[in-house]
Amino acid sequence: MGEQKIKALTRKVFLKLSPPGNGDIIGDQERILSALTQEFGTVRFSRGLLKKVYPLCREANWEITLTLVNNGISWELIQLEAGDQCERHFGLAVDLGSTSVAMKLVDLNTGKVLGEESSLNHQIQYGDDILSRIFYAKNKPDHLIAVQQATVNTFNELLQRLETTTGITAQESFIMVVSGNTTMIHFLLGIDPWPIFEYPFAPVFNHTGYLEARELGINAGGYLYCMPSVANYLGGDTVSGLLVAGLHEKEELGLFIDIGTNGEMVLGNRHFLVAGAGAAGPALEGGISKNGMKATAGAVDSVVIAENELVLTTIGGHRPLGICGSGIVDLIAQMLLNGWIDFSGRFNPEKSRRIVSRDGEFGVLYASQDESGNGQELLFTQRDMSQFIDTKAAASTMVAYLLERLGVAPMDVERLYVSGAFGTYINLESAITIGLYPDLPRERFVFLGNSSLEGAYALLINGEKMDAVARLQERIEYLEFGAATDFISRMYASRFLPHTDFDLYPTVKAALRKQGRLR
């Protein structure tokens, strides 16, 4: 038998079997299973694979490679190849996001990432936001099929690109781990996600088990496994994130935060895990401003106000075309510290010539027609500011509510794990200045990047983590933020920068005093 170098989710085994003959008339299936029994116990042999046994085994002179996956109860045979193919053992990790999809091709003998590609999710043609797509598909089977097909097309496009860059065909990857929110996994399977958004907000399913990739129309070999969800707004992407953060393994109290269009957070340690989730809004992805944009070339990604002058950088060093989430957070923090806005986010036009009035509304002109890359004025307006503060208030209130429900003070949080692309590129000081994150010692923050993708990868290269995934799904206690009677009043208190209670933000208070903004 071939040797497994890491504990991947799938196992490849090379067998040299005695051929039938001289009175040995045992069936081909039984011959194979008998050779596996000692190491794997009862193994399931699918009908589809049974059709492949003849003539493959005889043509290969009974020297064959088998691929097995553990389905949680027993081992399942998912592929049969002629000769010793153990060196070619591949799998795929996927982050199925509502905006973009990222995919890694992995060598399952070594854990090495051989290629990585990402693409916009083709579902976007049916709505920029998730809710639009849900309404598009609701009670319309043909529309639901179209959304599913768009998802599958995105997968197949990425598989083709990986094949081009690595020379490894998609059919050679016999296992794919997909991590996404609850709605995205419903769409992938072609199941109407409407129940997620209608009382009592219970999804159609939380766990898929193993699925055949080709049955979904995905051009990969073998099986697909979706990270299980916990609740309507707490999906497999959060379970993946927790797998990476490891809250469930540690004594220290940790807080996991993933703030995007939705805000998901989990507080706990090895003894308990309590989670909450709710709508945050598109502001943190640059989606609220007329000149807001994703973090791509030409997006303003950092801002400093030095000697009352605006200094900014853009992705790729191009002339500015708009502003992304990290740029917005910097811009607001810097304007707050320098008095360009007050604590409610209202502009102070006398503070800078950059604060202008357009169509009866104040805004900050961060790039004039001469300065921008498209010959247009780039503004962050009072309306943009209000929408951003709403999003920031929702996110910070969720954190505060979760902590209070468990009787935990912010300073009791020993480690704060920040997930998501937004969290990766944001300036931590700016985020704390505007009250997006608690004012904790900076060394307590851990930035995980795309933990949805990394969690899928972690499971792919270590099948033993399947037990941890199952425990996470079962153990997390879920709080429904929408059911909190005082949530709106709490949000109002969080609509100030950084908060109505400055004592919650001692380092920001000190910085404001230094700038002469507070006594």
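Residues numbered from 1 in each chain as written. Predicted model: local features only at pLDDT ≥ 70, side-chain atom pairs only at ≥ 80, totals over all residues. Heavy atoms only, no water.

## Side note on the overall build of the chain
Assigned secondary structure in the chain consists of 14 helices and 22 strands. Seen through its principal axes, the chain has C-alpha atoms that stretch 100 × 50 × 45 Å. Within the chain, residue pairs in contact and separated by at least 24 positions form 63% of the contacts whose partners lie at least 6 positions apart. Surface exposure of the chain reaches about 22100 Å², of which carbon and sulfur atoms provide 50%. The average position of the 45 basic charges and that of the 60 acidic charges among the side chains of the chain differ by 2 Å. (Helix = DSSP H or I, 4+ residues; strand = E, 2+ residues; numbered from the N terminus. Contact = heavy atoms within 4.5 Å. Areas by Shrake-Rupley, 256 points an atom, 1.4 Å probe, with all protein chains shown as cover. Lys, Arg positive; Asp, Glu negative; His and termini not counted. Charge placed at Lys NZ, Arg CZ, Asp CG, Glu CD.)

## What about the packing of helix H6 (residues 236-245) against helix H12 (residues 466-475)?
Packing of H6 against H12 brings their axes to within 10 Å, and their N-to-C directions diverge by 120 degrees. One element, H6, and the other, H12, form an angle in the oblique class. Judged by the sense of rotation from one axis to the other, the crossing of H6 with H12 is right-handed. For the pair H6 and H12, the contacting residues are Val239, Leu242 and Leu243 in the first and Ala468, Val469 and Leu472 in the second. (Axes fitted to C-alpha atoms, helices over the stretch in contact; angles between N-to-C directions. Parallel < 35°, antiparallel > 145°, perpendicular 65-115°, else oblique. Left-handed = near helix turned anticlockwise from the far one by under 90°.)

## Here's the deal with the sheet that holds strand S16 (residues 322-323)
Strand order in the open sheet made by the 3 strands is S15-S14-S16, with mixed pairing throughout. Edge strands, defined here as strands with exactly one partner in the open sheet, are strand S15 (309-314) and S16. Strand direction decides the pairing type here: strand S14 (residues 299-306) and S16, joined by 2 bridges, are parallel. Bridge assignment links Ala299 to a residue of S16, and that residue is Gly322. Lying over the sheet, helix H7 (residues 325-337) contacts S14, S15 and S16, oriented at roughly 15 degrees with respect to S14. (Pairing = 2+ DSSP bridges.)

## What to know about the pattern of salt bridges
With the rule as written, the count across this model stands at 22 salt bridges. The partner of Arg214 in a salt bridge is Glu212, with the nearest N and O atoms 3.0 Å apart. When the shortest N-O distance is used, the salt bridge between Arg358 and Glu377 registers 2.9 Å. Linking Arg358 in strand S17 (residues 355-358) with Glu377 in the loop between strand S18 (361-367) and strand S19 (378-381), this pair joins segments that are 19 residues apart in sequence. Residue classification places Arg358 among the partly exposed residues on the basis of a relative accessible area of 33%. The exposure class assigned to Glu377 is partly exposed, which follows from its relative accessible area of 27%. Within the structure, one salt-bridge network assembled from shared partners comprises Glu117, Glu157 and Arg161. (Salt bridge = Lys/Arg side-chain N within 4 Å of Asp/Glu carboxyl O. Buried < 20%, exposed > 50% of the residue type's maximum accessible area, 1.4 Å probe, protein only.)

## So, the packing of aromatic side chains
The description of two aromatic rings rests on the distance between their centres and on the angle between their planes. Enumeration according to the criterion identifies 9 aromatic pairs in this entry. Among the aromatic residues, those joined into a ring-pair cluster are Tyr210, Tyr223 and Tyr225. Sitting above the plane of the Trp62 ring, Arg31 keeps its charged end 5.6 Å from the centroid. In this structure, Arg517 packs its charged tip against the face of Phe343, placed 4.9 Å from the ring centre. (Phe/Tyr/Trp six-rings, centres within 6.5 Å; stacked < 30°, edge-to-face > 60°. Lys NZ or Arg CZ within 6 Å of the ring centre and 35° of its normal.)

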